[in-house]
Amino acid sequence: MSGAPQISASILNADFSRLGEEVRRASDGGVDSIHIDVMDGHFVDNLTLGPVVVESIRAASDLPFHAHLMIANPLAYAERFADAGSNLIVFHVEADDPADEVIAAIESAGKRPGIALNPETPAEAVHAWLDRVDLLLVMTVHPGWGGQSFIADVLPKMRALRDEIARRELAVEIGVDGGVNLGSIGPARAAGGNVLVTGSALYGTAGDLASTVAGLRDAAARGAAAGTAGRT
Ligand code: DX5
Ligand code: ZN
């Protein structure tokens, strides 16, 4: 459970008619990064946004942009999301392209690589890449939509990945994505999550987001304390 918990704002649930302002709202509210959900209608049954949108909101904040590519062919798009201003690019281990080639493409574009796995995908599927990426994104919903419920059945797998990372003394961070809110952020943190992606729990609040972010941080910290105490 390395480092202080980071809150990452998933803009999928933001008001797309004024996306730049919504990025600024999260940034001013004190989040640590902006999470951008990219869907291609193939890997998941939804279509969201392309590099041109990332480029258009880049000036809205200096925070790191994490592009979460839920697409079948990340190799074809990694460089374009890099050029658009993403700082960390996450692709799925279940995608069609070979993971080592996607990681190499992200690195040669000068960006940080991350790998994600779906709820039903076993931990072993990413073991080979844990020493090659900066972020391991553990999906706690089936990707495709914001506002879904947190799948607590994923927590044992997250703990196993946390222990595998610790056993190998790797620096990769664990991200948790999907259904993270005041109730689930504590257990997610206790199971090893430290980059905590929140969409509807954040953008469901109108106006200033500072107290919402502070509330999520507190709940995460309590989860960490419980985790350390109970070593869940
Ligand atoms: C789902 C996305 C998530 C989602 C998070 O496929 O990857 O990032 O937008 O939103 P909430 O927090 O509402 O589940
Ligand atoms: Zn996401």
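Here the structure is shown first, and the text comes after it.
Keep in mind that this is a model prediction, so the values were computed, not measured. (Residues numbered from 1 in each chain as written. Chains lettered and ligands numbered in written order. Predicted model: local features only at pLDDT ≥ 70, side-chain atom pairs only at ≥ 80, totals over all residues. Heavy atoms only, no water.)

**Q** Just give me the short version of the overall build of the protein chain, but keep the residues and values in it.
**A** If you tally the helices and strands in the protein chain, you get nine helices and eight strands. A compact globule built from 232 residues should have a C-alpha radius of gyration of about 17 Å, and the protein chain, at 16 Å, falls within 12% of that. When its C-alpha atoms are laid out on the principal axes, the protein chain stretches across 45 × 45 × 30 Å. Buried residues in the protein chain amount to 53% of all 232 residues. Pairs at least 24 residues apart make up 68% of the contacts formed inside the protein chain by residues separated by at least 6 positions. Carbon and sulfur atoms form 50% of the exposed surface of the protein chain, whose accessible area is close to 9,400 Å². Within the protein chain, one finds 17 positive and 30 negative side-chain charges whose respective centroids are separated by 7 Å. (Helix = DSSP H or I, 4+ residues; strand = E, 2+ residues; numbered from the N terminus. Rg over C-alpha atoms; globule rule 2.2 N^0.38 Å. Buried < 20%, exposed > 50% of the residue type's maximum accessible area, 1.4 Å probe, protein only. Contact = heavy atoms within 4.5 Å. Areas by Shrake-Rupley, 256 points an atom, 1.4 Å probe, with all protein chains shown as cover. Lys, Arg positive; Asp, Glu negative; His and termini not counted. Charge placed at Lys NZ, Arg CZ, Asp CG, Glu CD.)

**Q** Explain unusual backbone geometry to me, using residue names and the numbers behind them.
**A** A positive phi is found at glutamate 169, a non-glycine position, where the angle reads about 55 degrees. Counting through the fold element by element, glutamate 169 comes out in the loop between helix 6 (155-167) and strand 7 (173-177).

**Q** Break down the coordination of the zinc ion (ligand 2) for me, citing the residues and quoting the values.
**A** At 2.0 to 2.3 Å from the zinc ion (ligand 2) lie its protein donor atoms, namely His35 (NE2), Asp37 (OD), His68 (ND1) and Asp177 (OD). Bound by six donor atoms, the zinc ion (ligand 2) shows angles of 74 to 171 degrees at the metal and therefore octahedral coordination geometry. Counting the intervening residues between successive donors of the zinc ion (ligand 2) yields the motif H-x1-D-x30-H-x108-D. Both residues of the pair, histidine 35 and aspartate 37, belong to the buried class. (Donors = N, O, S within 2.8 Å, 3.2 Å for Na, K, Ca; no water. Tetrahedral: all angles 85-135°; square planar, octahedral: opposite > 155°, others 65-115°.)

**Q** Please give an account of the nonpolar core that cites residues and values.
**A** Ile11, Val31, Ile34, Ile36, Leu136 and Leu202 are the most contacted members of the largest nonpolar core, which has 60 residues in total. Here isoleucine 11 is in contact with Phe16, Leu19, Val23, Ile34, His35, Ile36, Ile57 and Tyr203, once residues within four sequence places are set aside. Leu88, Val90, Met139 and Val141 belong to the second largest nonpolar core, which has nine residues in total. (Core = buried A, V, L, I, M, F, W, Y, C linked by side-chain atoms within 4.5 Å.)

**Q** Account for the site of ligand 1, naming residues and giving values.
**A** Neighbouring ligand 1 are 20 residues; Gly147, Asp177, Gly179, Gly199 and Ser200 lie closest to it. Separating an oxygen atom of ligand 1 from a side-chain N or O atom of aspartate 177 is a distance of 2.7 Å. Burial of ligand 1 by the protein chains amounts to 100% of its free accessible area of 380 Å². When atom positions are compared with the pocket grids, ligand 1 is found to occupy the largest pocket. Considering each element in turn, the shell around ligand 1 owes the most residues, three residues, to strand 2 (residues 33-39). (Near = heavy atom within 4 Å. Polar contact = N/O pair within 3.5 Å; in protein donor to acceptor, adjacent residues only side chain to side chain. 1 Å grid on protein atoms, 1.4 Å probe; cavity = no way out; pocket = protein on both sides within 12 Å on 5 of 7 lines; lining within 4 Å. Sits in = over half its atoms within 2 Å of the grid points.)

**Q** Can you tell me about the layout of surface pockets, naming the residues and giving the values?
**A** What the largest pocket holds in volume is close to 230 Å³. The wall of the largest pocket is formed by 26 residues, among which Trp145, Gly146, Asp177, Gly178 and Gly179 lie closest to the centre. The set of elements that each furnish at least two residues to the lining of the largest pocket consists of strand 2, strand 3 (65-70), strand 8 (195-198) and helix 8 (200-203). For the lining of the largest pocket, a count of residues per class yields 10 nonpolar, 14 polar and two charged. (Points joined across faces, edges and corners; volume = space filled by probe spheres on them. Nonpolar A, V, L, I, M, F, W, Y, C, P; charged D, E, K, R; others polar.)

**Q** Requested: an account of the sheet that holds strand 5 (residues 112-117), with residues and values cited.
**A** Reading around the barrel, the eight strands line up as 1-2-3-4-5-6-7-8 and close back on themselves, with parallel pairing between neighbours. On average, each strand axis in the sheet is tilted by 25 degrees relative to the strand beside it, whichever way the strands run. Examined bridge by bridge, strand 5 and strand 6 (residues 135-139) share four bridges and lie parallel to one another. Each residue of the ladder has a partner; that of glycine 114, found in strand 6, is leucine 135. (Pairing = 2+ DSSP bridges. Axes fitted to C-alpha atoms, helices over the stretch in contact; angles between N-to-C directions.)

**Q** So what's going on with the side chain of serine 184? Residues and values would help.
**A** Tracing the chain through its elements places serine 184 in the loop between strand 7 and helix 7 (185-190). A distance of 2.9 Å separates a polar side-chain atom of serine 184 from the backbone nitrogen of asparagine 181. Every residue in contact with serine 184, bar those within four places of it in the chain, is listed here: Phe150 and Gly179.

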